[in-house]
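Structural description and commentary
Given next are the chains, with one letter for each unit.
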Amino acid sequence: MDPELTALAQSASLTIVTLMAADTWERTRDGVVGLWRRARPERADAVAAELENTREDLDADPAAGDELAVEWQGRIRRLLADRPEVARELRSLLNELAPDAAPAPTVSQHATASGESRIYQAGRDVRIAER
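Residues numbered from 1 in each chain as written. Predicted model: local features only at pLDDT ≥ 70, side-chain atom pairs only at ≥ 80, totals over all residues. Heavy atoms only, no water.

1. Considering helix α1 (residues 3-20)
Owing to its 3.6 residues per turn, the α-helix brings residues three or four apart onto one side. So the rule is basically this: Numbering of helices and strands runs from the N terminus; a helix is a DSSP stretch of H or I covering at least four residues, while a strand is a stretch of E covering at least two. Helix span, expected: 1.5 Å multiplied by one less than the number of residues in the helix. Here the term buried applies to any residue with accessible area under 20% of the maximum for its type, exposed to any over 50%, and partly exposed to those in between, with areas from a 1.4 Å probe on protein chains only. Contacts were defined at the residue level, with two residues in contact if any of their heavy atoms lie within 4.5 Å. Distance and chemistry together define a polar contact, namely a pair of N or O atoms within 3.5 Å, with one atom able to donate a hydrogen and the other to accept it when in protein, and with adjacent residues in sequence counting only for side-chain atoms on both sides.
Compared with an ideal rise of 1.5 Å per residue, which puts 18 residues at 26 Å, α1 spans 26 Å between its outermost C-alpha atoms and is within 8% of the ideal. Buried within α1 we find Leu5, Leu8, Ala9, Ala12, Ser13, Thr15, Ile16, Val17, Leu19 and Met20. Of the surrounding elements, those touching the buried residues of α1 are α2 (25-39), α3 (44-60), α4 (65-82) and α5 (87-97). Sitting at the head of α1, Asp2 places a side-chain oxygen 2.9 Å from the backbone nitrogen of Glu4.

Shown next as structure tokens:
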């Protein structure tokens, strides 16, 4: 799966679970269910029930937020893998629901090597030990 879509799924899941405990819960639920209704209408009712169950779980144990976000990350990732065109609509929904949330960073790297040159690229930390 495209790394950008994976990052979007992670960001979306954290935002959705965080907003479950906020005053914007109903707007969040309606937005997420609406997204599924347009992308995979046969799953929309089940997603609505899963959102309600997740909110109940979060109310019962606020410390479970990370675990619940991981569950939603999987659902969103599967939706994006099946329907990548939904990414734009999901980003729009997230911007509407949580306009102050920072967007997931995008890493783009390009390199050209010639002769016997070497190129080392990393999206984050890199450790090179040559002998």
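There is more to say after this.
2. Remarks on the packing of aromatic side chains
What counts is decided by this rule: Two aromatic rings from Phe, Tyr or Trp, using only the six-membered ring of Trp, form a pair when their centres are within 6.5 Å; if the ring planes differ by under 30 degrees the pair is stacked, by over 60 it is edge-to-face, and anything between is tilted. We count a charge as sitting over a ring when the NZ of a lysine or the CZ of an arginine lies within 6 Å of the ring centre and within 35 degrees of the ring normal.
All told, the structure shown has one aromatic pair when counted by the stated rule. Between Trp36 and Trp72, the aromatic rings sit 6.2 Å apart at their centres with planes inclined by 80°, giving edge-to-face as the arrangement. Of this pair, Trp36 sits in helix α2 while Trp72 sits in helix α4, and the two are 36 residues apart along the sequence. The buried category is assigned to Trp72, whose relative accessible area is 0%. Here Arg75 stacks its cationic end above the ring of Trp72, 4.4 Å away from the centre of that ring.

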